[in-house]
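A look at the structure
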Amino acid sequence: MVRTICFGLLVWLSVGKVDAQDTSQVFSYGTFYAQLLHHHPLVKQSNLISESARRELLIARGGFDPTLQGSFDRKVYKAREYFNRSDFFLKVPVWLGGADLKVGYDRNVGVTLSDDIRTGPEGITYLGFQVPIGQGLLIDYRRATLKQAAIFQDMADAERVKVINKVVLTATKDYWDWYFTYQQYLLASEFYQLANVRFQGTRQRSLIGDLASIDTTEALVTLQEREVSLEQARLDLQNARLILSNHLWGESEQPLELPETAVPQSTLGRVIEPAELNDLILLARQRHPEIIKYDFKRQQLQIDERLGREMLKPSLNVNAAALYQGRFFNGQETRTGIPYLNNNYKLSFDLYYPLLLRKERGKLQQTRIKLLQNDLEQAQVQREINNEINAAYNEVKTYENQINTQLRSVANQEILLRAELQKLEMGESSLFLVNARESKLNESRVKVASLKAKYEKTLATLLFAAGLSGWE
């Protein structure tokens with residue numbers, strides 16, 4: 001019986017790894033990552049950030065929408081028409097020069113109206129414009145708002161990438177936690193089966209008087225301890241499977257459950273070469289959402305600064321309109337050209353200029369302070385991101401070395417266990433020593449699985465530090 005038990009253990013040691021059942025299906029990280037990006041609700045919700053920015057851009061474009069305006073005012077008292085005033089016009093904003101085109105119809109009649117506003121029963125049609133020739137000629141609030149809204153759309157895209165990266169980081173860590181608990185469960189199950197075989201063998205030998213009953217007790221205690229470990233490993237696996245299911249969604253936004261037959265991939269994703277560190281740092285400078293947001297914020301502040309400089313100019317607006325009798329433009333009058341315009345037009349100037357400009361200068365100085373603050377914050381964030389990338393890379397390489405060292409330790413412990421089993425077969429060892437060797441080997445293999453999971457989670461942290469969600 002001792003030969004039978006030892007032979008079974010040696011065969012198990014010669015395998016050197018734990019395989020999944022034939023009925024299991026491998027749910028690789030690549031499949032999980034693709035499903036995450038396509039169906040996770042938070043990823044879909046992040047698309048709404050860009051959608052909201054597009055709506056802000058649409059709102060800003062509304063500042064250049066043509067508008068139809070008008071007013072009507074009439075007073076009649078004791079059959080006497082005091083006044084009948086109406087003015088309807090179409091106003092069309094123009095991007096170039098901040099001008100507004102205006103075409104309308106004006107009719108003012110009544111006994112109480114003065115000559116300067118009376119038009120006669122036929123009314124007056126007019127075509128004119130308003131042009132700022134001082135403040136607002138190069139840029140005004142409408143154009144500044146539209147430009148900033150376009151930049152805000154790019155900022156929203158960067159924010160969307162940031163949200164996706166956070167979702168991927170959390171989900172990736174949950175995937176590799178599931179990997180670890182699965183490997184831990186398989187190891188606990190294998191070691192429980194070995195303890196059960198040993199217990200059955202020692203009990204039969206004890207019944208025929210070949211071994212003392214205390215050896216059966218020793219085997220039973222080991223079996224019970226490993227049974228407790230197996231139950232705990234099963235519980236950890238079930239909980240890890242439930243946590244990972246939080247990230248699984250179907251095409252119709254229905255939550256999915258990770259099937260019990262699904263198993264994680266058993267191989268590491270990739271090994272980072274030293275040259276890739278510089279590539280990640282360069283990519284972070286170009287594409288990291290936080291750094292990009294500072295770049296776009298600087299562009300918005302530069303627009304504010306330009307607008308602030310524009311506000312230092314005097315506000316001088318020219319209003320001019322050609323007047324035509326009647327409700328429609330008269331072709332005959334139009335053909336008369338300049339002589340007609342010399343006798344039928346309206347012209348006005350509006351001037352506004354605060355002499356001290358304290359409000360305008362204060363706003364401009366505030367904008368320049370914000371620009372300096374933005375640059376200083378960006379420099380600090382850039383440094384922190386570089387250090388986070390280097391720290392994550394150092395951690396990755398450390399786990400890589402630890403895994404290799406731990407694998408060599410497992411190989412050496414397997415040699416020691418084989419030797420202990422051979423000594424047991426020759427009667428030169430005890431069941432207690434064999435159990436101790438097995439327990440130590442089990443701890444080492446669990447440690448390998450734990451280090452592999454930490455290695456993969458640190459890889460995800462490295463990607464997140466560089467502002468990425470996956471390897472390109």
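Every chain's residues receive numbers from 1 upward, in the order its sequence appears when written. Two thresholds apply to this predicted model, a pLDDT of at least 70 for residue-level local features and 80 or more for giving and counting side-chain atom pairs, whereas whole-chain, interface and lining totals are computed over all residues. Excluded from the side-chain calculation are hydrogens and water; included are all heavy atoms of the structure.

Within an unreviewed UniProt entry, the label attached to the protein reads Outer membrane protein TolC, and the organism entered is Rhabdobacter roseus. Among the UniProt annotations of the protein, the heading Subcellular location (unreviewed entry) holds the following wording: "Cell outer membrane". UniProt positions are given in the numbering used here, feature names are shortened, and annotations may be inferred rather than shown by experiment. According to UniProt, the comment filed for the protein under the heading Sequence similarities (unreviewed entry) is "Belongs to the outer membrane factor (OMF) (TC 1.B.17) family."

**Some points on the overall build of the protein**
Only runs of H or I of at least four residues qualify as helices and only runs of E of at least two qualify as strands under DSSP, and these elements are numbered from the N terminus. When you go through the protein residue by residue, the secondary structure sums to eleven helices and eight strands. Scaling as 2.2 N^0.38, a compact globule of 472 residues should have a C-alpha radius of gyration of about 23 Å, whereas the protein reaches 40 Å, well beyond that. Its C-alpha atoms put the protein at 135 × 50 × 40 Å along the principal axes. Residue burial is assigned from relative accessible area. The probe radius is 1.4 Å, only protein chains are included, and a residue is buried under 20% of its type maximum, exposed over 50%, and partly exposed in between. Across the 472 residues of the protein, 41% fall into the buried class. Should any heavy atoms of two residues lie within 4.5 Å, those residues are considered in contact. In the protein, the share of contacts with a sequence separation of at least 24, taken over all contacts with a separation of at least 6, comes to 77%. A residue counts as positive if it is Lys or Arg and as negative if it is Asp or Glu; His and the chain ends are not included. By convention, the charge on Lys lies at NZ, on Arg at CZ, on Asp at CG and on Glu at CD. Treating the 58 positive side-chain charges of the protein as one cloud and the 56 negative ones as another, the clouds have centres 8 Å apart. Between the two quantities, the radius of gyration covers C-alpha atoms and the globule rule is 2.2 Å times the number of residues to the power 0.38.

**Describing the side chain of Glu-438**
Structurally, Glu-438 can be placed in helix H11 (residues 431–465). Engagement of the side chain of Glu-438 in a polar contact is seen with the side chain of Arg-226, the distance being 2.8 Å. Throughout this description, a polar contact denotes any pair of N or O atoms lying within 3.5 Å of each other; where both atoms belong to protein, one of them has to be capable of donating a hydrogen while the other can accept it, and for residues adjacent in sequence the pair is counted only when both atoms sit in side chains.

**A look at the domain arrangement of the protein**
Many authors give the size of an interface as the accessible area that is lost as the parts come together. The domain boundaries assigned to the protein delineate domain 1 (32–60 + 143–308 + 361–466) and domain 2 (70–139 + 315–357). Domain start and end points were adopted from an automatic or database domain assignment. Placing a centre on the C-alpha atoms of domain 1 and another on those of domain 2 gives a separation of 70 Å. On the domain 2 side, the residues contacting the eight residues of domain 1 number nine residues. Together, Arg-143, Arg-306 and Arg-361 form the three largest contributors to the area buried by domain 1 at its contact with domain 2, with a combined 74%. The interface formed by domain 1 and domain 2 includes six residue pairs in polar contact (both at pLDDT 80 or more). Here's the idea: put two parts together, see how much 1.4 Å probe accessible area each one loses, and the total over both is what we call buried area.

**Let's talk about the nonpolar core**
The tendency in soluble globular proteins is for nonpolar side chains to be buried as a group. Residues enter a nonpolar core if they are buried and are Ala, Val, Leu, Ile, Met, Phe, Trp, Tyr or Cys, with the set joined through side-chain atoms within 4.5 Å. Counting residues in hydrophobic clusters, the biggest one holds 38 residues, and the most contacted among them are Phe-27, Tyr-29, Phe-32, Tyr-175, Trp-178 and Leu-258. Among the elements of the structure, helix H2 (29–39), helix H4 (141–207), helix H5 (213–245), strand S6 (262–264) and H11 are those that each provide at least two residues to this core. Residue contributions to this core peak at 17 residues, all from H4. Apart from the residues lying within four places of it in its own chain, the contact partners of Phe-32 are Phe-27, Ala-171, Thr-172, Tyr-175, Leu-244, His-247 and Leu-248. Judged by nonpolar contacts, the second largest core, of 23 residues, contains Ala-284, Ile-291, Leu-451 and Leu-462.

**Re the sheet that holds strand S5 (residues 124–132)**
For two strands to count as paired, DSSP must find a minimum of two bridges between them. Taking strand neighbours across the sheet as the criterion, the six strands line up as S2-S3-S4-S5-S7-S8 in an open arrangement whose pairing is antiparallel. Edge positions in the sheet fall to strand S2 (67–77) and strand S8 (345–352), since each has one partner strand and no second. Ignoring strand direction, the axes of neighbouring strands in this sheet form an average angle of 15 degrees. Relative to S8, strand S7 (residues 315–325) runs antiparallel, the two being bridged by eight bridges. Within S8, the residue paired with Asn-317 across the bridge is Asp-350. Angles run from 0 to 180 degrees between N-to-C directions of axes, and those axes are lines fitted to C-alpha atoms, restricted for helices to the stretch in contact.

**Here's the deal with unusual backbone geometry**
Backbone geometry places Ala-79, a non-glycine residue, at a positive phi of 65 degrees. Mapped onto the elements of the fold, Ala-79 is located in the loop between S2 and strand S3 (80–93). The backbone phi angle of Leu-357 is positive, close to 55 degrees, even though this residue is not glycine. Looking at the secondary structure, you find Leu-357 in the loop between S8 and helix H10 (358–425).

**Focus on the packing of helix H7 (residues 289–310) against H10**
Between H7 and H10, the least distance of the axes is 9 Å, while the angle of their chain directions is 170 degrees. When the interaxial angle is binned, H7 and H10 end up roughly antiparallel. Crossing handedness for the pair H7 and H10: left-handed. Of the residues in H10, those touching H7 at Glu-290, Ile-291, Tyr-294, Asp-295, Lys-297, Arg-298, Leu-301, Gln-302, Asp-304, Glu-305, Gly-308 and Arg-309 are Leu-364, Thr-367, Arg-368, Lys-370, Leu-371, Asn-374, Asp-375, Glu-377, Gln-378, Val-381, Gln-382 and Ile-385. Working definition: roughly parallel below 35 degrees, roughly antiparallel above 145 degrees, roughly perpendicular at 65 to 115 degrees, and oblique for all remaining angles. Two helices cross in a left-handed way if the nearer one is turned anticlockwise from the farther one by less than a right angle. They cross in a right-handed way if the turn is clockwise.

**Focus on the packing of aromatic side chains**
The description of an aromatic ring pair rests on the distance of the ring centres and on the angle between the ring planes. Note on aromatic contacts: the rings of Phe and Tyr and the six-membered ring of Trp form a pair at centre separations within 6.5 Å, being stacked when their planes are under 30 degrees apart, edge-to-face when over 60 apart, and tilted otherwise. On inspection of all chains with the given rule, the structure shows eleven aromatic pairs. With a centroid separation of 5.5 Å and an interplanar angle of 25 degrees, the aromatic rings of Phe-32 and Tyr-175 are classed as stacked. A residue pair is termed long-range when its members are at least 10 positions apart, and Phe-32 in helix H2 and Tyr-175 in helix H4 qualify at 143 residues. Since its relative accessible area comes to 1%, Phe-32 is described here as buried. In this structure Tyr-175 comes out as buried when scored by relative accessible area, which is 0%. Grouped by ring-pair contacts, the aromatic residues Phe-27, Tyr-29, Phe-32, Tyr-33, Tyr-175, Trp-176, Trp-178 and Tyr-179 constitute a single cluster. Two limits define a charge over a ring: the Lys NZ or Arg CZ must be within 6 Å of the ring centre, and within 35 degrees of the ring normal. If you follow Arg-270 out to its NZ or CZ, it ends over the ring of Trp-471, 4.3 Å from the centre.

**What about H5?**
Note that an α-helix has 3.6 residues per turn; residues three or four places apart therefore point the same way. Between the first and last residue of a helix there are one fewer steps than residues, each counted as 1.5 Å, and that sum is the expected span. For H5, which comprises 33 residues, the first-to-last C-alpha distance of 48 Å matches the rise-based estimate of 48 Å (1.5 Å per residue) to within 8%. By the burial criterion, the buried members of H5 are Thr-216, Ala-219, Thr-222, Leu-223, Arg-226, Leu-230, Ala-233, Leu-237, Ala-240, Arg-241, Leu-244 and Ser-245. Structurally, H5 contributes buried residues whose contacts are with H2, H4 and H11.

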